[in-house]
Amino acid sequence: MAIQLLNGIVYGGLLYLLAVGLVLIFGLREVVNFAHGALFMLGSYIGFTLAAAGHWWLGLLVSVVAMAAVGCLLDVLVFRSLRKHDHIVTVLITFGLLLILETVVTVTWGKAYLSYPVPKLLDGTVTIAGSPFPIYRLFIIVVSLLVAGGLAAWLRYTRMGLYVRAASTNAHVTSIQGIDVDRLSLVVVGLGTALAGLSGVVAGPLLTLSPTMGNYILIDSFIVVVIGGLGSFAGAFFAALLIGQIHNLGAIYLPWAATMLPFLLMIGILIWRPTGFAGSRT
Amino acid sequence: MTALSQGDVPAASSPLLKTRGLLAMALAALLLGVAAPRLVSSQLMLSLATQAIFDALLATSVGFLVLQNGRVSFGQAAFFGLGGYAFGVLVARGLMAAELAVLTALALPTLVAFLLGLVFARIAGVAHAMLTLAVGQAFYEIAFRWRELAKGDDGMAFNLPPRIFGFDSSLLQDPSVMVVVAWTILVLALLGLALFANSRMGQIAAAVRDNAERARFIGHDTTIPPAIVYAISALLAAIAGLLQATYNGYIAPQMFHWSLSGSALIMAVVGGAQFILGPAIGAVCFFILKDFAGRFAEYWPAIVGSVLVIVTLVMPQGIVGLLKAGWFRMRRQA
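Residues numbered from 1 in each chain as written. Chains lettered and ligands numbered in written order. Predicted model: local features only at pLDDT ≥ 70, side-chain atom pairs only at ≥ 80, totals over all residues.

Next up on the list: the overall build of chain B. In terms of helices and strands, chain B carries 15 helices and 4 strands. Counting only C-alpha atoms, chain B reaches 55 × 45 × 45 Å along its principal axes. Counting across all 334 residues of chain B, residues that qualify as buried make up 48%. Within chain B, contacts between residues separated by at least 24 positions form 79% of all contacts whose residues are at least 6 apart in sequence. (Helix = DSSP H or I, 4+ residues; strand = E, 2+ residues; numbered from the N terminus. Buried ≥ 20, exposed ≤ 12 C-beta atoms within 10 Å, placed from the backbone. Contact = placed C-beta atoms within 7 Å.)

On to the overall build of chain A, then. Scanning chain A for helices and strands turns up 11 helices and 2 strands. Ordered by position from N to C terminus, the α and β elements of chain A give α-α-α-α-β-β-α-α-α-α-α-α-α. In terms of overall size, chain A behaves like a compact globule, its C-alpha atoms giving a radius of gyration of 18 Å where 282 residues would be expected to give roughly 19 Å. Projected onto its principal axes, the C-alpha coordinates of chain A cover approximately 60 × 45 × 35 Å. A burial count over chain A gives 52% of its 282 residues as buried. Expressed as a percentage of contacts within chain A between residues at least 6 apart in sequence, the contacts between residues at least 24 apart total 77%. (Rg over C-alpha atoms; globule rule 2.2 N^0.38 Å.)

Further remarks concern the pairing of strand β2 (residues 131-134) of chain A. Residue and element names in this part refer to chain A. Sheet topology note: the strand β1 (residues 125-128)/β2 ladder contains 4 bridges and is antiparallel. Across the sheet, residue I128 finds its bridge partner in β2, namely S131. Between β1 and β2, which pair antiparallel in sequence order, lie 2 residues; one of them, A129, sits at a positive phi of approximately 50°. (Pairing = 2+ DSSP bridges.)

Our focus in this paragraph is the packing of helix α5 (residues 135-157) of chain A against helix α6 (residues 159-169) of chain A. Residue and element names in this part refer to chain A. Here α5 crosses α6 at 85°, and the two axes come no closer than 5 Å. On the basis of the axis angle, α5 is roughly perpendicular to α6. Every residue of α6 that contacts α5 at W154, L155, R156 and Y157 is listed here: G161, V164 and R165. Taken together, the residues of the contact of α5 with α6 sort by class into 4 nonpolar, 1 polar and 2 charged. (Axes fitted to C-alpha atoms, helices over the stretch in contact; angles between N-to-C directions. Parallel < 35°, antiparallel > 145°, perpendicular 65-115°, else oblique. Nonpolar A, V, L, I, M, F, W, Y, C, P; charged D, E, K, R; others polar.)

Moving on to unusual backbone geometry. Even without a glycine there, the phi angle at A:E30 is positive, about 55°. Along the chain, A:E30 turns up in the loop between α1 (2-29) and α2 (36-52). The phi dihedral of B:K151 is positive, around 60°, even though this residue is not glycine. For B:K151, the position within the fold is in the loop between α7 (147-150) and β1 (156-157).

It is worth spelling out the environment of A:I179 at this point. Residues and elements named next belong to chain A. With respect to the helices and strands, I179 occurs in the loop between α7 (171-176) and α8 (181-203). Taking the number of C-beta atoms within 10 Å as the measure of exposure, I179 has 18 and is therefore partly exposed. Separated by 15 residues in sequence, I179 and V164 have C-alpha atoms that sit 9.9 Å apart. If near-sequence neighbours (up to four positions away) are discounted, I179 is found in contact with Y163, A167, T174 and L184.

Take the interface of chain A and chain B next. On the side of chain B, 34 residues touch chain A, which itself brings 32 residues to the contact. Listing elements by their share of the side of chain A that touches chain B, those giving two or more residues are α4 (87-109), α9 (213-228) and α11 (261-272) of chain A. With 15 residues, the single largest contributor to the side of chain A that touches chain B is α4(A). Residue composition of the side of chain A that touches chain B, by class: 25 nonpolar, 5 polar and 2 charged.

Let us look at helix α4 (residues 77-92) of chain B. Between the first and last C-alpha of α4(B) there are 22 Å, a value that for 16 residues agrees with the 22 Å anticipated at 1.5 Å per step. Two residues or fewer after α4(B) comes B:G94, characterised by a positive phi angle close to 60°. (Expected span 1.5 Å × (residues − 1).)

Right, let's talk about the nonpolar core for a bit. A:A19, A:V226, A:A236, B:A134 and B:A238 are the most contacted members of the largest nonpolar core, which totals 197 residues. Contacts of B:A238, omitting those with residues within four sequence positions, involve B:F79, B:F80, B:L82, B:G83, B:A105, B:L106, B:P109 and B:T110. (Core = buried A, V, L, I, M, F, W, Y, C linked by C-beta atoms within 7 Å.)

Below, the discussion takes up the environment of B:P225. Residues and elements named next belong to chain B. With respect to the helices and strands, P225 occurs in helix α11 (residues 224-248). Classification of P225 as buried rests on a count of 24 C-beta atoms within 10 Å. Taking the C-alpha atoms as reference points, P225 and E99, separated by 126 residues in sequence, lie 29 Å from one another. For P225, the residues in contact, after removing those within four places along its chain, are M201, I204, A205 and V208.

Take the packing of helix α13 (residues 278-292) of chain B against helix α15 (residues 318-333) of chain B next. All names here are of chain B. α15 packs onto α13 with a crossing angle of 110° between their chain directions and a minimal axis gap of 7 Å. By the angle between their axes, α13 is roughly perpendicular relative to α15. Judged by residue contacts, G278, I281, G282 and C285 of α13 engage G318, I319 and V320 from α15. A class-by-class count of the residues in the contact of α13 with α15 yields 4 nonpolar, 3 polar and no charged.

All names here are of chain A. Tracing the sequence through the fold places F48 in helix α2. The spatial distance from the C-alpha of F48 to the C-alpha of A194 is 16 Å, given a sequence separation of 146 residues. Non-local contacts of F48, meaning those with residues more than four positions away in its chain, are made with G59, L114, Y116, G204 and L209.

Right, let's talk about helix α8 (residues 175-198) of chain B for a bit. For an α-helix the count is 3.6 residues per turn, leaving residues at separations of three or four pointing the same way. An ideal rise of 1.5 Å per residue puts 34 Å on 24 residues; α8(B) measures up with 34 Å between its terminal C-alpha atoms. Among the residues of α8(B), those classed as buried are B:P175, B:M178, B:V179, B:A182, B:W183, B:L186, B:V187, B:A189, B:L190, B:L193 and B:A194.

Take a look at the structure:
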């Protein structure tokens with residue numbers, strides 16, 4: 001049972017890494033990045049190429065940096081230039097980017113499933129409550145907790161975090177106060193996509209790589225973001241843990257309904273409270 | 001919902017004259033459709049055209065939601081699949097007469113969409129896009145996992161009963177017949193939508209789209225009209241799904257998949273979702289483009305994505321919007 005709960009936390013942690021990126025971007029740009037799953041997937045493939053050549057940790061670093069760069073480009077070229085348009089136009093463009101990125105990966109790496117190696121340092125198992133548990137899964141939990149803690153501290157205790165919280169509440173008023181929201185957004189969107197790259201690499205050894213690997217997890221992280229309340233960091237954290245547990249326990253105890261449970265939960269919550277658990281700022 | 005759904009308000013010129021013009025156009029289009037199989041001899045061409053018309057119906061259903069409710073759906077394939085599956089499963093199991101199965105396949109998605117619409121209409125913008133995507137995928141998951149229903153992932157072939165509504169049903173799998181049937185349905189559907197948009201219910205739905213609070217203030221009910229729009233739009237998608245399932249004699253979970261919803265949405269936006277004709281024209285353009293891009297089939301999704309990005313950036317009103325603007329400019333100069 002303890003092992004099952006831990007497995008749920010592993011998936012929840014991955015979902016959190018993706019969902020919090022969506023929340024960060026939504027906070028500043030009021031846009032949901034449909035290409036987030038594709039960036040997750042691209043990050044995973046970039047990391048895989050280096051990991052297959054024996055440079056696992058370098059792959060992690062390169063993937064995170066590359067996705068941060070992609071995010072900055074995305075912010076400048078798409079989000080900034082379209083900020084006066086209807087947000088749904090921007091969403092459509094990120095959907096177009098999703099199709100383009102999937103094709104790029106299919107053409108470059110092929111459609112075949114690839115398996116991502118586990119780094120030597122994290123290979124093996126430990127015994128938890130009498131059962132073996134892969135060290136690598138513990139690593140995923142640690143990474144997501146570190147990101148969650150770091151992000152919370154950054155938002156809570158730094159000046160920039162204060163600006164981000166302000167801009168997420170009301171970007172217009174924040175810019176009137178003399179804060180360059182566009183520059184802030186560059187950092188925040190870059191951070192959000194970098195986290196997509198990070199989760200792509202970290203998830204790699206757990207999942208199999210395929211050009212459509214981002215789609216499932218993207219939909220799950222949408223569910224997390226909606227349940228947590230669009231734009232809420234703490235909401236995303238708890239919703240991710242909840243969906244992680246439901247995903248995992250459901251697969252064991254209610255296999256016929258497992259894939260439906262998150263959807264039903266989302267629909268139920270939206271009917272009960274259209275703004276999600278934590279309430280929405282928009 | 002400014003950029004996508006805000007069309008020009010139709011001029012209040014004599015409604016009777018307008019309806020007459022619409023009817024004349026529809027009649028001309030119907031005659032053209034009946035003549036098409038006699039003009040085009042290639043069965044392949046007719047078969048491709050049939051598929052393009054199914055796409056056009058689905059794109060029209062997505063576009064209608066944008067036009068009337070100002071809501072962008074990423075899950076319209078749910079109703080397409082539901083229509084196809086309801087018919088396929090009922091017919092394959094011989095649970096009811098084919099005629100009754102057709103009615104069920106149309107009524108079920110319409111009813112489901114009406115009920116969902118009561119909830120969805122309250123949720124706007126980006127959250128709506130995410131919600132519809134998730135609900136659509138939920139349907140896909142059911143069709144994918146529930147092997148006893150229709151063989152899950154493999155999809156299920158089924159045989160049509162010999163006669164439907166008194167006609168030989170094998171005709172429905174002949175492209176030169178199906179193309180006329182589908183075209184006729186598409187033309188009638190577009191005519192019906194145009195009439196609906198000008199009707200009282202359509203005008204109320206448009207008012208709710210533009211400002212729900214004000215519509216409520218002046219005494220209109222603001223939940224039922226948008227839900228009716230959802231139902232109509234789902235009915236169109238279900239018709240498309242039903243036609244495709246009948247034509248192919250085959251159903252598969254891909255009929256529910258979000259990539260289908262997404263491509264229908266892209267066709268609608270590229271064609272011009274703020275016009276009733278736009279989505280269908282978008283679907284036809286994509287059909288022609290796909291024919292040209294045949295050699296680059298591997299890159300097709302990227303081509304679609306690039307077209308979407310370029311169109312939304314350069315001509316947010318879509319192809320029809322561009323044509324309309326060009327037409328007005330020409331008239332002004334003349």
